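Structural overview for review
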Amino acid sequence: MINKKVEDILNAQINKEFYSAYLYLAMSAFFDEIGLYGFANWTKVQAREEVDHGMILFDYIIERDGTIDLQQINSPDRSFENPLQVFEKILDHEKYVTESINCVAYMSDDECDLATRHFINWYISEQVEEEANALDIIKKLKMFGEDKASLYQLDKDLGTRTYQQHSYKSE
Ligand code: FEO
């Protein structure tokens, strides 16, 4: 049986992961509208990974004999202007998610829930990767400036990203 405080914070985290999927989907639609189909692919693949993040939490709560509490998912931000601005928003959002995951870790420690403390390590590592990915693309976009040929090449590169299901148990 899972501790109630830990259960609540994990349910809240499910909502944040599904909101993340919405946000990335909104970004994907924006990139599709402006003809950057590789960027659209990259953000759509990320949306699917965010669903996986939510589902791993969902399965974990059930495995611990907890209660699932699915909360309303807010409409995502849609004020997108250009690739650099979108990726700066991505980095800000991922930093917010990292703080949220860190809070789950602290809460698990406080409540002596070592199983959750161990479980959440997977997310801590995942957040390092997600922030690094966004930062890498931001650096490239800043370096290219208004160079359309470089943007075109980056779009092609981002178009090669493929979805691979994230699974906690197989890690
Ligand atoms: Fe699931 Fe991008 O954090």
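Data block above holds the structure.
Every residue gets a number counted from 1 within its own chain, in the order that chain's sequence is written. For a predicted model such as this one, the threshold for reporting local features is a pLDDT of at least 70, and the threshold for listing and counting side-chain atom pairs is 80 or more; totals across whole chains, interfaces and linings nevertheless cover every residue. Each side-chain value is derived from all of the structure's non-hydrogen atoms; neither hydrogens nor water enter the calculation.

1. Quick look at helix H6 (residues 148-158)
Because the α-helix completes a turn every 3.6 residues, residues three or four places apart line up on one side. Per-residue accessibility, obtained with a 1.4 Å probe over protein chains only, is compared with the maximum for each type, and a residue is labelled buried under 20%, exposed over 50%, and partly exposed between these values. In DSSP terms, a helix is any run of H or I states spanning at least four residues, a strand is any run of E spanning at least two, and both are numbered starting from the N terminus. For H6, every residue scored as buried is listed here: Ser150, Leu154, Asp155 and Leu158. Looking straight down H6, one finds that the buried residues subtend no more than 140° of arc, so they occupy a single side. Turned more than 90 degrees from where H6 packs its buried face, Lys148, Ala149 and Tyr152 sit exposed. Note on contacts: a residue pair is in contact if any heavy atoms of the two residues lie within 4.5 Å. In the core, the buried residues of H6 are packed alongside helix H2 (37-63) and helix H5 (121-144). Throughout, the arc means the angular range of directions from the helix axis out to the C-beta atoms.

2. Quick notes on empty space enclosed by the protein
Of the two site types, the cavity is a set of points on a 1 Å grid over the protein atoms alone where a 1.4 Å probe fits but cannot get out, and the pocket is an open set with protein on both sides within 12 Å along at least five of seven lines, each lined by residues with an atom within 4 Å of a point. Grid points are joined across faces, edges and corners, and a volume is the space filled by probe spheres set on the points. Evaluated as defined, the whole model comprises one cavity of 30 Å³ or more. By volume, the largest cavity amounts to about 40 Å³. Along its surface, the largest cavity is lined by Tyr24, Trp42, Gln46, Ile90, Glu94, Glu130 and Asn133. When contributions to the lining of the largest cavity are tallied by element, the ones reaching two or more residues are H2, helix H3 (83-110) and H5.

3. Concerning the packing of aromatic side chains
We call Phe, Tyr and Trp rings a pair once their centres come within 6.5 Å, taking the six-membered ring for Trp, and we label the pair stacked below 30 degrees between planes, edge-to-face above 60, and tilted otherwise. Scanning the entire structure with this criterion turns up nine aromatic pairs. Geometrically, the ring pair formed by Phe39 and Phe87 is edge-to-face, given 6.0 Å between the ring centres and 70° between the ring planes. Here Phe87 lies in helix H3 and Phe39 lies in helix H2, a separation of 48 residues in the sequence. Overall, the relative accessible area of 0% leaves Phe87 in the buried class. Taking 4.9 Å as the distance between ring centres and 80° as the angle between the ring planes, the aromatic pair formed by Trp122 and Tyr123 counts as edge-to-face. Looking at Trp122, the relative accessible area reads 10%, which means it is buried.

4. Points about the side chain of Ser20
Take Ser20: it is sitting in helix H1 (residues 4-33). Here the side chain of Ser20 touches His93 through a polar contact of 2.8 Å, side chain to side chain. Not counting the four nearest positions on each side in its chain, Ser20 is found in contact with Glu50, His93 and Val97. N or O atoms closer than or at 3.5 Å make up a polar contact, with two conditions inside protein: a donor-capable atom paired with an acceptor-capable one, and, for residues adjacent in sequence, both atoms drawn from side chains.

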